[in-house]
Amino acid sequence: MNIQSNYDQWAASYDSDENKTRDLDKRVSQQTLRNYDFKTVLEIGCGTGKNTNWLRAHCSYLLAVDFSEEMLAIAKEKIKDPRVRFHQADITQAWEFTKGLFDLITCNLILEHIEDVDFVFQQSAYKLHKKGLFFISEYHPFKQYLGKQARFEKNGETVLIPSYTHHVSEFIAAGKKNDFELVELKEWMNEHEDEDKIPRILSLVFRII
Ligand SMILES: C[S@@+](CC[C@H](N)C(=O)[O-])C[C@H]1O[C@@H](n2cnc3c(N)ncnc32)[C@H](O)[C@@H]1O
């Protein structure tokens, strides 16, 4: 079973399953991005549109990309807005799905599934306006060190979705290599629910130089 078919299978229950990481990511994204100005957005790995819905209200054009047909189908069903275009593509291939340049590229809970993070920074650099922003909100590698990864329940069984661990330094190095400056880095947890007190989400905002 590969990552794409895993997400096709998870799609129907992705929004309704209990998922502390998904819910925290939503809060992290809004709290972070409300401090920045942007008009055009490229959302990578939009899934069922959890963040698309907030982003669309804060921009004039949003291109939302994902390779799971079933995740996209749910997003399209929920979001009918002329400002939003959905597109099915694998972001590990060259980003030829758009010729446009964007003010902001967002990446939520997807890089865990991408082996070559440097490639994503490289493609983002090509697709941003000068001074454009690249926002990452990702499952914190500290959790991965404890053996945690994206998972869901199907027919009474736990399905583990193939994941790669990226150390914090990898994100920083990839940014530097691709001409980004780091604007902010934060670590987030659910204060009352995460008993282990280990950060659940790592967020980074980069700006292309
Ligand atoms: C955990 S979900 C996150 C969805 C959404 N960003 C959110 O925060 O709820 C990860 C998403 O990344 C997508 N994805 C994973 N690898 C991808 C790839 N190589 N190309 C495009 N989408 C990918 C999956 O299909 C899935 O919808």
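S.K.: So, the overall build of the chain: which residues are in play, and what are the values?
M.R.: A tally of helices and strands in the chain yields seven helices and nine strands. Here the C-alpha radius of gyration of the chain, 16 Å, is about what a compact globule of 209 residues would show, namely 17 Å. Taken over the C-alpha atoms alone, the chain extends approximately 50 × 35 × 30 Å along its principal axes. Partitioning the intrachain contacts of the chain with sequence separation of at least 6 by distance along the chain shows that 68% fall at a separation of at least 24. If you sum the accessible surface of the chain, you get close to 10300 Å²; carbon and sulfur atoms cover 48% of it. Placing the 27 positive and 33 negative side-chain charges of the chain at their respective mean positions leaves the two points 6 Å apart.

S.K.: Provide a residue-level description of the layout of surface pockets, including the pertinent values.
M.R.: Taken as a whole, the largest pocket holds about 930 Å³ of empty space. Together, 47 residues line the largest pocket, and Tyr7, Trp10, Asn19, Glu112 and Ala150 are the ones closest to its centre. Of all the secondary-structure elements, those providing two or more residues to the lining of the largest pocket are helix H1 (3–14), helix H2 (20–33) and strand S6 (151–154). The element contributing the most residues to the lining of the largest pocket is H1, with five residues.

S.K.: Just give me the short version of the pairing of strand S9 (residues 201–208), but keep the residues and values in it.
M.R.: The element S9 is largely enclosed, with a buried count of seven among its eight residues. As paired strands, strand S5 (residues 128–139) and S9 are joined by seven bridges and run antiparallel to one another. Bridge assignment links Ile136 to a residue of S9, and that residue is Leu204. The sheet contact formed by strand S8 (residues 180–188) and S9 spans eight bridges and is antiparallel.

S.K.: Help me get a handle on the site of the ligand, residues and values and all.
M.R.: Looking at the ligand, there are 20 residues lining it, with Tyr14, Gly45, Lys50, Asp66 and Asp90 nearest. Within the side chain of Lys50, a nitrogen or oxygen atom sits 2.7 Å from an oxygen atom of the ligand. In the environment of the ligand, an oxygen atom lies 3.5 Å from a nitrogen or oxygen atom belonging to the side chain of Asn51. Starting from 590 Å² of accessible surface for the ligand in isolation, the protein chains cover 98%. Here the ligand is seated within the largest pocket.

S.K.: Quick one: what's the story with the nonpolar core, residue by residue and with numbers?
M.R.: Among the nonpolar cores identified, the biggest contains 34 residues, and Phe38, Leu55, Phe86 and Leu104 are the most heavily contacted of them. Of all the secondary structure elements, the ones that give two or more residues to this core are H1, H2, helix H3 (52–56), strand S2 (61–66), helix H4 (69–78), strand S3 (84–88), S5 and S9. Apart from residues lying up to four places away in sequence, Leu104 is in contact with Leu33, Phe38, Thr40, Val41, Leu42, Leu55, Leu128, Leu133 and Phe135. Among the nonpolar cores identified, the runner-up in size contains 28 residues, and Leu63, Ile105, Leu111 and Val120 belong to it.

S.K.: Explain empty space enclosed by the protein residue by residue, including any values.
M.R.: If you roll a probe as big as a water molecule over the atoms, it shows you where there is empty space left. Counting across every chain of the model gives one cavity of 30 Å³ or more. Its volume calculated, the largest cavity comes out at about 30 Å³. For the lining of the largest cavity, the secondary-structure elements that each account for two or more residues are H2, H3 and strand S4 (102–108). Among the elements that take part in the lining of the largest cavity, H2 stands out by supplying three residues, more than any other. Taken together, the residues of the lining of the largest cavity sort by class into four nonpolar, five polar and no charged.

S.K.: Explain the environment of Phe142 residue by residue, including any values.
M.R.: Position of Phe142 relative to the elements: it lies in helix H6 (residues 141–145). C-alpha of Phe142 to C-alpha of Pro199: the two residues are 57 residues apart in sequence and 7.0 Å apart in space. In contact with Phe142, other than residues within four places in its own chain, are Glu187, Ile198 and Pro199.

S.K.: Provide a residue-level description of the sheet that holds S3, including the pertinent values.
M.R.: Read from one edge of the open sheet, seven strands run S3-S2-S1-S4-S5-S9-S8, paired in mixed fashion. Edge positions in the sheet fall to S3 and S8, since each has one partner strand and no second. Each strand axis lies, on average, 15° off the axis of its neighbour in the sheet, ignoring direction. In the sheet, strand S1 (residues 40–44) pairs with S2 via five bridges, with the strands oriented parallel. Residue pairing for S2: Thr40 is matched across the bridge by Tyr61. Against the sheet, helix H5 (residues 117–127) touches S1, S4, S5, S8 and S9, its axis set at about 145° to S5.

Rules and cut-offs
Residues numbered from 1 in each chain as written. Predicted model: local features only at pLDDT ≥ 70, side-chain atom pairs only at ≥ 80, totals over all residues. Heavy atoms only, no water. Helix = DSSP H or I, 4+ residues; strand = E, 2+ residues; numbered from the N terminus. Rg over C-alpha atoms; globule rule 2.2 N^0.38 Å. Contact = heavy atoms within 4.5 Å. Areas by Shrake-Rupley, 256 points an atom, 1.4 Å probe, with all protein chains shown as cover. Lys, Arg positive; Asp, Glu negative; His and termini not counted. Charge placed at Lys NZ, Arg CZ, Asp CG, Glu CD. 1 Å grid on protein atoms, 1.4 Å probe; cavity = no way out; pocket = protein on both sides within 12 Å on 5 of 7 lines; lining within 4 Å. Points joined across faces, edges and corners; volume = space filled by probe spheres on them. Buried < 20%, exposed > 50% of the residue type's maximum accessible area, 1.4 Å probe, protein only. Pairing = 2+ DSSP bridges. Near = heavy atom within 4 Å. Polar contact = N/O pair within 3.5 Å; in protein donor to acceptor, adjacent residues only side chain to side chain. Sits in = over half its atoms within 2 Å of the grid points. Core = buried A, V, L, I, M, F, W, Y, C linked by side-chain atoms within 4.5 Å. Nonpolar A, V, L, I, M, F, W, Y, C, P; charged D, E, K, R; others polar. Axes fitted to C-alpha atoms, helices over the stretch in contact; angles between N-to-C directions.

Functional significance is not addressed by these values, which are geometric in nature.
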